[in-house]
Amino acid sequence: MPDHIHDAAIIGAGFGGIGAAIQLRQLGRDDLVILERESDLGGTWHVNRYPGLAVDIPSSTYSYSFEPNPHWSRLYAPGAELKAYAEHVATKYDVRRHMRFDTLVEGAVWDEDQQHWTVNIAGGGRLHARLLLTATGFLSQPAVPDIAGIDSFTGTIVHTTRWDDSLDLDGRRAAVIGTGATAVQLIPEIAPRLAELTVYQRTAIWVTPKQDGAIPRPVQKMYARVPLAQRAVRGLGSGILELMMVAGVLNYRRTRPLNRAIEKIALGHLARQVKDPETRRKLTPDYSFGCKRPTFSNTYFPTFNRDNVHLETNPIARIEPDGIVTADGRKTTIDTLVLATGFNLWDTNFPAFEVIGRDGKDLGKFWREQKFQAYEGVAVPGFPNFVSLNSPYSYSGLSYFTTIESQMRHMKRLLGEVDRGGAATFEVTDRANATFLARMQDNLENSVFVNGDCGTSRSYYFNQHGEATLLRPTSTINAFREASRFPLEDYAYA
Ligand code: NAP
């Protein structure tokens, strides 16, 4: 028997891990340990510090509903404010003291005899906990492209998740590889400082206008005095996001015209902002809106009107010590290479480390060999006392906080039942899991992922088998309702 068994081990100190810790403490589980790979809390908002970083969901919506922040400076707050907000919440709800930083979890194993999890930490440490919760994020394993010659590059190379604050870009000849949401924020910020910038685009992104602006101080003060006012704004923002998600993405089969209308808005935005027809053509996506994560920006497209910015759509053949060669044999000399190449979800995440459940069942193998699946996006048969917060079909709505808070509700109902019955373990039943999976697969039949033109989108919503198993294909209202009312017998308690 180990010396000490914690009530719970939470892996990840981002917003998901903080939310889980708050919930567990409210349920009387105070002996927590939160293990975090990075040197501080905040997850995405600690790791990402690239120029231009801002939230691209309205800030009133991108926060815990029980801890509104009246002080957001803009409708879409800059990244540093999100990091400060994470620190504020962790301190106020007293969960910071449970955190251990620079602690990389390598694996977790269920001990059937002792009925607890053993968590193995890089460097040889280990600890034990009755519950294991993984809050390791969806976009937390950076993808470094496997381009021939990339290791031979002798200039400065930086991935956007490892931004070097001391990097002086003035007068440099740089390349950015990637045109996802990160690049869309970064490129307009760095372009004016560079001598030359070549943007390597493989797949164009849908970009709609951004209704951004500073939130004047008197409004911030009013939000502080009258929280109901900010709650109303949050409700409006959530409603718009829900409409985009449910109508535009999940019910695409019935609401295709809405989707087309958004495409028209995005194409009009492009036409107004980019002068050169050839550049416009290259920036026009060839897949349906919604297949891939779209973004908002008023400054991305105009950057391509600048004389020092070039859009390259020829595929990259190789990287040489001082430049990039495209498939047509042309070489662009650069001294700085920025990798805005995103994250690897389906090979190195899900789960982010080895998780071994009952009878040696390996979670990663199970997901890859038997389909990605998780009951209500949180539980998997064969894994007792395990809450997987970043699971297939768990991401609900467009603001991550919808997912976090519906999962907090699920935990409350589940652990409430565990406590009422004095059970030592819980485990979702095969039947409940299979029923949920069948329903998610059925719902997907109405979505843009099945009915849209997604073939060329290269979207991370799809896994390596071409199935769109990331987002929960239901409304967020449904997610919240089920989190509060799922049949308690969907779990076995012992
Ligand atoms: P991403 O959307 O996955 O984009 C990665 C980009 O790199 C894509 O354009 C991709 O091209 C390109 N790429 C990858 N490997 C390549 C290769 N070998 N050769 C050429 N191009 C390559 O990643 P991201 O932009 O970092 O954004 C990820 C997500 O983070 C977003 O969708 C969003 O959810 C979130 N995000 C949020 C915010 C915010 O809220 N503020 C900001 C930024 C990001 P293909 O498309 O052809 O694969």
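Further up the page is the structure itself.
Thresholds applied
Residues numbered from 1 in each chain as written. Predicted model: local features only at pLDDT ≥ 70, side-chain atom pairs only at ≥ 80, totals over all residues. Heavy atoms only, no water. Disulfide = S-S within 2.5 Å. Helix = DSSP H or I, 4+ residues; strand = E, 2+ residues; numbered from the N terminus. Buried < 20%, exposed > 50% of the residue type's maximum accessible area, 1.4 Å probe, protein only. Pairing = 2+ DSSP bridges. Axes fitted to C-alpha atoms, helices over the stretch in contact; angles between N-to-C directions. Parallel < 35°, antiparallel > 145°, perpendicular 65-115°, else oblique. Contact = heavy atoms within 4.5 Å. Nonpolar A, V, L, I, M, F, W, Y, C, P; charged D, E, K, R; others polar. Near = heavy atom within 4 Å. Polar contact = N/O pair within 3.5 Å; in protein donor to acceptor, adjacent residues only side chain to side chain. Areas by Shrake-Rupley, 256 points an atom, 1.4 Å probe, with all protein chains shown as cover. Salt bridge = Lys/Arg side-chain N within 4 Å of Asp/Glu carboxyl O.

Draft legend 1. Highlighting the state of the cysteines. If you walk through the whole model with that rule in mind, you get one disulfide. Covalently, C291 is tied to C454 through a disulfide, its sulfur atoms 2.1 Å apart. The disulfide joining C291 to C454 has a torsion of about -80° about its S-S bond and is therefore left-handed. Remark: C454 occurs in the loop between α13 (448-451) and α14 (476-485) and C291 occurs in the loop between α8 (277-282) and β11 (295-296); sequence separation between them is 163 residues. The residues C291 and C454 share a single accessibility class, namely buried.

Draft legend 2. Focus on the pairing of strand β16 (residues 336-339). Here β16 shows a buried face lined by T336 and V338 and a second buried face lined by L337 and L339. With four bridges connecting them, strand β8 (residues 173-177) and β16 associate as parallel partners. Within β16, the position partnered with I177 by the bridge is L339.

Draft legend 3. Unusual backbone geometry, seen in detail. The omega angle of the peptide bond from F350 to P351 is -10°, so this bond is cis rather than trans. One can find P351 in the loop between β16 and β17 (354-356). Phi angles above zero are rare outside glycine, and Q115 is one such case at about 55°. One can find Q115 in the loop between β4 (105-111) and β5 (116-121). Residue Q115 is classed as partly exposed on the basis of its relative accessible area, which comes to 28%. Phi at E376 is positive, roughly 50°, even though this residue is not glycine. Tracing the chain through its elements places E376 in the loop between α10 (363-370) and β18 (386-388).

Draft legend 4. Structural view of the packing of helix α5 (residues 217-225) against helix α6 (residues 227-250). Contact geometry for α5 and α6: axes closest at 5 Å, N-to-C directions at 105°. Between α5 and α6, the interaxial angle falls into the category roughly perpendicular. Note on element contacts: α6 touches α5 through P227, A229, Q230 and V233, opposite M222, Y223, A224 and R225. For the contact of α5 with α6, a count of residues per class yields six nonpolar, one polar and one charged.

Draft legend 5. Geometry of the sheet that holds strand β7 (residues 156-159). Taken in spatial order, the five strands line up as β7-β16-β8-β9-β12 in an open sheet, and their pairing is parallel. The open sheet has two free edges, formed respectively by β7 and β12 (309-312), since each of these has just one partner strand. Between one strand axis and the next, the sheet turns through 15° on average, direction left out of account. Along the sheet face, helix α4 (residues 181-190) touches β8, β9 (196-200) and β16 and points at about 170° away from the line of β8.

Draft legend 6. Examining the sheet that holds strand β14 (residues 323-326) more closely. Pairing is antiparallel in the open sheet, where three strands are placed in the order β13-β14-β15. The outermost strands of the open sheet, each flanked by one partner alone, are β13 (316-320) and β15 (331-333). Strand-to-strand, the axes of this sheet are offset by a mean angle of 20°, without reference to chain direction. Alignment of β13 against β14, held across four bridges, turns out to be antiparallel. The partner of E320 across the bridge, within β14, is G323.

Draft legend 7. A look at the site of the ligand. Taken together, 24 residues form the shell around the ligand, and within it A54, T182, T203, K292 and Y460 come nearest. With respect to the ligand, the backbone of A340 contributes an N or O atom lying 3.2 Å from an oxygen atom. Y460 has a polar side-chain atom sitting 2.7 Å from an oxygen atom of the ligand. Starting from 910 Å² of accessible surface for the ligand in isolation, the protein chains cover 85%. No other element matches the three residues that α4 contributes to the shell around the ligand.

Draft legend 8. The arrangement of α4 in detail. Of all the ten residues making up α4, eight are buried; the element is thus mostly covered by neighbouring parts of the structure. Listed in full, the buried residues belonging to α4 are T182, A183, V184, Q185, L186, I187, P188 and I190. The inward-facing, buried residues of α4 contact β8, β9, β11, α9 (300-303) and β16.

Draft legend 9. How the structure looks around the pattern of salt bridges. Tallying each qualifying case throughout the model produces 30 salt bridges. For R74, the salt bridge goes to D212, with nearest N and O atoms at 3.3 Å. With R74 in the loop between α2 (44-47) and α3 (79-92) and D212 in the loop between β10 (207-208) and α5, this pair connects stretches of sequence that are 138 residues apart. Given the relative accessible area of 31%, R74 is considered partly exposed. Because the salt bridges share partners, they merge into one network encompassing D40, K83, E87 and R96.

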